[in-house]
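Tertiary structure, described
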Amino acid sequence: MKLILLGAPGSGKGTVSDFLANKFKLKHISTGEICREEMAKNTAFGTEIKHYMDKGNLVPDELMIKVVNSTITGKDDYILDGFPRTIPQAEAIISQKIDAVINLDLPESAVIERLSGRRMCQNCNSGYHIKYIKPKKEGICDKCGSKLIQRPDDTPKVISERFKDYHTKTKPLVEYYQKKKLLHTIDASPPPETVRKAVTELVKELKRN
Ligand code: AP5
């Protein structure tokens, strides 16, 4: 099964992808995560994209398409989290025969609260929220015991830039995938358990058909 997770910054793409990947044995491919890892390792790609990431702008299509194509080629069961983000990116993976696109719908006011309260494990990248998805011990990852940090792009200025790109470049994908009859919109505003239940039902339904 090949799935795409679509949604605004902070709408829960990473959280939902992680859950679905574990539940349905799919590979979770997060382009944001790939970019952050490359930057941390100071690779040539990481250095090239740093300027865009720091500002909260999208990395140019040709760079992202190359990375994603080399990651998904030959794979059958995956979730793409954060890709495609533009129409040219969607066109670049058209031969992949995606089964469904899950669009997480969340009002902008809620998204800002989620991003400002997000904490990430600096070692295993597990995601938490200071109010909604708390770790057992404050500031420490439940899974590996490492320190939780705030993402550098979760500051008000950078969040506002990320939203600009979302509205102009990514949102048109909703209509794009609607026309292809691949879009399934999920209300992402309820608590995590409710969202988990809704996406589980959806994926089970997709598997039956
Ligand atoms: P990326 O990492 O993909 O960032 P994003 O799209 O802005 O999305 P986020 O990771 O911020 O949020 P999310 O939707 O995953 O939400 P999460 O699950 O964490 O990309 C970063 C950058 O990389 C981009 O700005 C760009 O520069 C570059 N990039 C990446 N892909 C690219 C591409 N294809 N093309 C070009 N450039 C690219 O949840 C948010 C918070 O809410 C968490 O704290 C979580 O615990 C909490 N939460 C989740 N669900 C719930 C719930 N139901 N109730 C309450 N809280 C919840």
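Presented here is an overview of the structure given in this document. (Residues numbered from 1 in each chain as written. Predicted model: local features only at pLDDT ≥ 70, side-chain atom pairs only at ≥ 80, totals over all residues. Heavy atoms only, no water.)

Details of the pairing of strand E5 (residues 118–121)
Heads up, the rule is: When DSSP finds two or more bridges between two strands, those strands count as paired. Numbering of helices and strands starts at the N terminus; helices are DSSP runs of H or I of at least 4 residues and strands are runs of E of at least 2.
Note: E5 against strand E6 (residues 127–129), 3 bridges, orientation antiparallel. Residue pairing for E6: arginine 118 is matched across the bridge by histidine 129. The antiparallel hairpin formed by E5 and E6 contains 5 residues in its connecting segment, where asparagine 125 sits at a positive phi of about 70°. Pairing geometry for E5 and strand E7 (residues 148–149), over 2 bridges, is antiparallel. By the bridge assignment, cysteine 121 is partnered in E7 with leucine 148.

A closer look at the site of the ligand
Put simply, the rule is: Residues are classed as near a molecule or strand on a simple rule: at least one heavy atom within 4 Å of it. Whenever two N or O atoms come within 3.5 Å, that pair is a polar contact, provided that in protein one can donate a hydrogen and the other can accept it, and provided that, for residues adjacent in sequence, both atoms are side-chain atoms. Surface accessibility in these figures is a Shrake-Rupley result with a 1.4 Å probe; residues are shielded only by whichever protein chains are displayed. Each residue is assigned to one of three groups, with Ala, Val, Leu, Ile, Met, Phe, Trp, Tyr, Cys and Pro labelled nonpolar, Asp, Glu, Lys and Arg labelled charged, and all others, Gly among them, labelled polar.
Around the ligand, the structure places 34 residues, and the nearest of them are Thr15, Asn57, Arg118, Tyr128 and Arg162. Glycine 12 places a main-chain nitrogen or oxygen 3.1 Å from an oxygen atom of the ligand. In the environment of the ligand, an oxygen atom lies 2.7 Å from a nitrogen or oxygen atom belonging to the backbone of tyrosine 128. Within the complex, the protein chains bury 96% of what would otherwise be the 1,100 Å² of accessible surface of the ligand. Listed by contribution, the elements that provide at least two residues to the shell around the ligand are helix H1 (13–24), helix H2 (31–40), helix H6 (108–116), E6 and helix H9 (192–208). Class assignment of the residues belonging to the shell around the ligand gives a composition of 15 nonpolar, 11 polar and 8 charged.

Section: the environment of isoleucine 49
Applied cut-off: Buried, partly exposed and exposed residues are distinguished by accessible area as a fraction of the type maximum, computed with a 1.4 Å probe on protein chains only: under 20%, between the cut-offs, and over 50%, respectively. Should any heavy atoms of two residues lie within 4.5 Å, those residues are counted as being in contact.
In this structure, isoleucine 49 sits in helix H3 (residues 44–55). What makes isoleucine 49 buried here is its relative accessible area of 0%. Between the alpha carbons of isoleucine 49 and glutamate 108 there is a distance of 26 Å; along the sequence they are 59 residues apart. Apart from residues no more than four positions distant in its own chain, isoleucine 49 is found in contact with Cys35, Met39, Val59 and Leu63.

Some details on the pattern of salt bridges
Two side chains with opposite charge may pair up if their charged atoms get near one another. Note the threshold: A pair is scored as a salt bridge if a Lys or Arg side-chain nitrogen falls within 4 Å of a carboxyl oxygen belonging to Asp or Glu.
Tallied over the full model, the rule gives 12 salt bridges. A salt bridge links glutamate 113 to lysine 131; its shortest N-O distance comes to 3.1 Å. Note that glutamate 113 is positioned in helix H6 and lysine 131 in the loop between E6 and E7, a separation of 18 residues in sequence. Accessibility expressed as a relative area gives 31% for glutamate 113, which makes it partly exposed. With a closest N to O distance of 3.0 Å, glutamate 161 and lysine 164 form a salt bridge.

Some thoughts on the side chain of glutamine 89
Relative to the helices and strands, glutamine 89 resides in helix H5 (residues 87–92). In terms of polar contacts, glutamine 89 uses its side chain to reach the backbone amide nitrogen of arginine 85, at 2.8 Å. Discounting residues that sit within four places of it in the chain, glutamine 89 has contacts with Val59, Asp61, Met64, Ile65, Phe83 and Pro84.

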